[in-house]
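The chain contents come next:
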Amino acid sequence: METKTTHTVDLSNDDRGVMFNPDEEAKAAGWGTDDPYACLAKLYDGPPVLKGALEDLMGIPRQYVSDQWGGDVYSILSFDAVNKAFMDPDTFSNRVYEKMSVTALGDTLLNMDGGKHKRMRNVSKPWFKPSFTDGWWTDKWIVDAVDELFERLMAKDHADLNLELCAPLPMSVVSTGFGIPADEALEFRKALLFHGTREEMIKGHETATRILMRLMTERRAYPQDDLISRFVQADLELEDGSTRKMADDEVMRYCNLIVHAGGGTTWRQLGITIMALLNHPEQMEALRNDRSLMRATIQEVTRWYPTDTAFLRYVEKDTVLEGVEMKEGSVAMLCLGSANHDRTQWEDPDSFNIHRPLKRHFAFGAGPHACLGQHLSRQEMEVALGAVLDRLGDLRWNPDYPTARMSGGTLIGRGPDALHVRYTPVSG
Ligand code: HEM
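It should be emphasised that the depicted structure is a prediction, and the values quoted were computed from it without experimental measurement.

Reading guide: rules and limits
Residues numbered from 1 in each chain as written. Predicted model: local features only at pLDDT ≥ 70, side-chain atom pairs only at ≥ 80, totals over all residues. Heavy atoms only, no water. Near = heavy atom within 4 Å. Polar contact = N/O pair within 3.5 Å; in protein donor to acceptor, adjacent residues only side chain to side chain. Helix = DSSP H or I, 4+ residues; strand = E, 2+ residues; numbered from the N terminus. Nonpolar A, V, L, I, M, F, W, Y, C, P; charged D, E, K, R; others polar. Buried < 20%, exposed > 50% of the residue type's maximum accessible area, 1.4 Å probe, protein only. Contact = heavy atoms within 4.5 Å. Core = buried A, V, L, I, M, F, W, Y, C linked by side-chain atoms within 4.5 Å.

Draft legend 1. Broad picture of the site of the ligand. Taken together, 28 residues lie around the ligand, and Tyr97, His117, Arg313, His369 and Cys371 are the ones closest in. Within the side chain of His369, an N or O atom sits 2.6 Å from an oxygen atom of the ligand. Those elements that place two or more of their residues in the shell around the ligand are α5 (114-124), α12 (248-279), β7 (310-315) and α16 (374-391). Partitioning the shell around the ligand into residue classes produces 16 nonpolar, 10 polar and 2 charged.

Here is the structure:
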């Protein structure tokens, strides 16, 4: 009989770069590290679509777009314009990812379009829907991982929650839920990094492949209650309606994408949430006293400060968006940051306010490529935040450390540099 085990990944300060982009790393990559909202503010009251790369319009170094790509670049800024672009994949396609370093992951959901994308996404859709997330992911992985991390936090009265909770939680949940043992999760995640020399990236790919090939062989022989076992048994629908089992390399690419997409994002977004509440103690108190505000809190923090501010699309055919003509072959930069602060959609959108009514926004994208793991991510954040409120009494910034600040690239990978806090452990 299978025993219920949960293991969390142990991270040290030296591992921060694995999923996080501290300023130094972002600077080394030549990225802008300013606060996106200060740079975007000048665009808020302007046209909804502008010709030009977002970085140039914001006055920051290029992070995404390269001159070598050819074609024009357009920045899509308003809520309505971003919505139209996300919802029209025939005109604004994901083949743009073929131009980006994420292609190191190989052919994945991210760069697929149309029927091929839909059929591939259908394979894993049931395992990321809300009922499976609230059930299997929560009961089997999230609650135990949170408990394990809090056991350590409860043994003291101060911590860096960024390193001791926000980072290890999603990495542990997504890796172990997938079927990668906790003691190999860090090695696997490091192997998927997109930076470093070509040789380092090839070596990393070989390491990830070796680990996954071994696990797939084991799970075929002895299936477990994890995603690898589900993937190797899953049927993929083909164009003609027939089905076949997923091939090894398809499972591997899926796994690489999920582990890559599901770790750093939730880490940083949970960190942003805790930071926002520490900086707005009256809202932390309101949430502590009324947990029905939990969903609204996560919705608000992801609207107010999404960790990734922009995503790209390839313009497949000549089109006109909000009166602006775009030529086939252009690149469209969809700015979630400005769309989520659209003055026509929210009152006082630059302020953080968990009492806003629930309303759709774009932190998790929209349309056919909307984030596959969004329910999982929300659930991890809700369970972790609930434990923070229940178990860390009198939670406050630790005055012995410098004030926490947001770091990372200007457009992507933003989150707090650290979350040094003091608290009184609350048992029971
Ligand atoms: C706060 C956390 C997260 C944020 C802000 C986030 C954001 C996003 C966004 C904006 C997209 C759309 C990209 C595009 O349209 O080009 C996306 C796609 C995706 N995300 Fe997330 N994500 C988060 C967590 C996760 C988690 C936990 C997982 C998996 C376990 C995950 C897996 C994926 C996958 C597989 C895709 C590609 C979907 C497709 O192309 O069909 N994400 N995410």
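Draft legend 2. Expanded view of helix α14 (residues 294-304). Counting buried positions over the 11 residues of α14 gives 10, a clear majority of the element. Of all the residues in α14, the buried ones are Met294, Ala296, Thr297, Ile298, Gln299, Glu300, Val301, Thr302, Arg303 and Trp304. Taken together, the buried residues of α14 touch α2 (36-40), α12, α13 (281-289) and α16.

Draft legend 3. Focus on the nonpolar core. Within the largest apolar cluster, 112 residues are counted, with the highest numbers of intra-cluster contacts made by Leu54, Trp137, Phe231 and Ile274. The element that contributes the greatest number of residues to this core is α12, accounting for 15 residues. When neighbours within four sequence positions are excluded, Phe231 is seen to be in contact with Val123, Ser124, Trp127, Phe178, Met246, Val251, Tyr254 and Ile258.

Draft legend 4. Just the side chain of Thr266, in detail. For Thr266, the position within the fold is in helix α12. The class of Thr266 is buried, set by a relative accessible area of 4%. Side chain to side chain, Thr266 and Ser377 meet in a polar contact 3.2 Å long. For Thr266, the contacting residues outside a window of four places in its chain are Pro170, Ser377, Glu380 and Met381.

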